[in-house]
Amino acid sequence: MNNIKAQKLLNKIQRDLMRNGIITNTLVNDLKELRTLVVEEGQPLLAKTIRLTYEHVDAYDSFNIGIPEDDPVEEGEEAPVQEEATGQESLDYLLSLMADPSNRVNELELREYVKAFNEYAEEN
């Protein structure tokens, strides 16, 4: 993420999450604003991940996606999901991945989150 305004907004979202937990209205609005900035930057994977994140939080009033395992994930492999993390911890981890989407590992994990959002939506 190269846009300074987007970086500051992402930092604000992470601070708010750590201080107050998941507050649906604020989080959704901030993520929508962040997505607009990311679209202007031309980062489609990040824009999609942010959209799926705020749609998920808005629909379920929580974050129900687990953190992918720490084991390295090669392209074409499926990352196993950890069940122990809370929604807040997983969301914080996802936000940290968004800070550097050009990192290859981060990109793969962002793709795993996208896949998990789609699977969760199909099941629920």
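Residues numbered from 1 in each chain as written. Predicted model: local features only at pLDDT ≥ 70, side-chain atom pairs only at ≥ 80, totals over all residues. Heavy atoms only, no water.

Teacher, can you tell me more about helix α3 (residues 44–60) here?
Quick reminder: α-helices carry 3.6 residues per turn. Residues three or four places apart thus point the same way. The terminal C-alpha atoms of α3 lie 24 Å apart, and with 17 residues this matches the ideal 24 Å at 1.5 Å per residue to within 8%. Every buried residue of α3 is accounted for by Leu45, Leu46, Ala47, Thr49, Ile50, Leu52, Thr53, Tyr54, His56 and Val57. Asp61 sits one or two residues past α3 and shows a positive phi near 55°. (Helix = DSSP H or I, 4+ residues; strand = E, 2+ residues; numbered from the N terminus. Expected span 1.5 Å × (residues − 1). Buried < 20%, exposed > 50% of the residue type's maximum accessible area, 1.4 Å probe, protein only.)

When you look at the nonpolar core in this model, what are you seeing that I'm missing?
The biggest cluster of nonpolar side chains holds 32 residues, and the ones touching the most others in it are Leu34 and Met98. The set of elements that each furnish at least two residues to this core consists of α1 (4–20), α2 (24–41), α3, α4 (87–98) and α5 (104–123). When residues in this core are grouped by element, the largest group, seven residues, is from α3. Excluding its chain neighbours within four sequence positions, the residues that come into contact with Leu34 are Met1, Ala6, Leu9, Leu10, Ile13 and Ile50. (Core = buried A, V, L, I, M, F, W, Y, C linked by side-chain atoms within 4.5 Å. Contact = heavy atoms within 4.5 Å.)

Is there a simple way to explain the pattern of salt bridges in this structure?
Side chains that differ in sign of charge can pair as their charged atoms come close. Within this structure, the stated rule accounts for five salt bridges. Ionic pairing is found between Lys12 and Asp30, a salt bridge with its closest N-O pair at 2.8 Å. Taken together, the residues span a long stretch of sequence, with Lys12 in helix α1 and Asp30 in helix α2 at a distance of 18 residues. Here Asp30 falls in the buried class, since its relative accessible area comes to 10%. Salt-bridge contacts for Arg104 lead to Glu107; the nearest nitrogen and oxygen are separated by 3.3 Å. Highlighted residues: Arg104 and Glu107, both in helix α5, separated by three residues, approximately one helical turn. You can call Arg104 partly exposed: its relative accessible area is 40%. Several salt bridges share partner residues, and in doing so they unite Lys12, Asp16 and Asp30 into one network. (Salt bridge = Lys/Arg side-chain N within 4 Å of Asp/Glu carboxyl O.)

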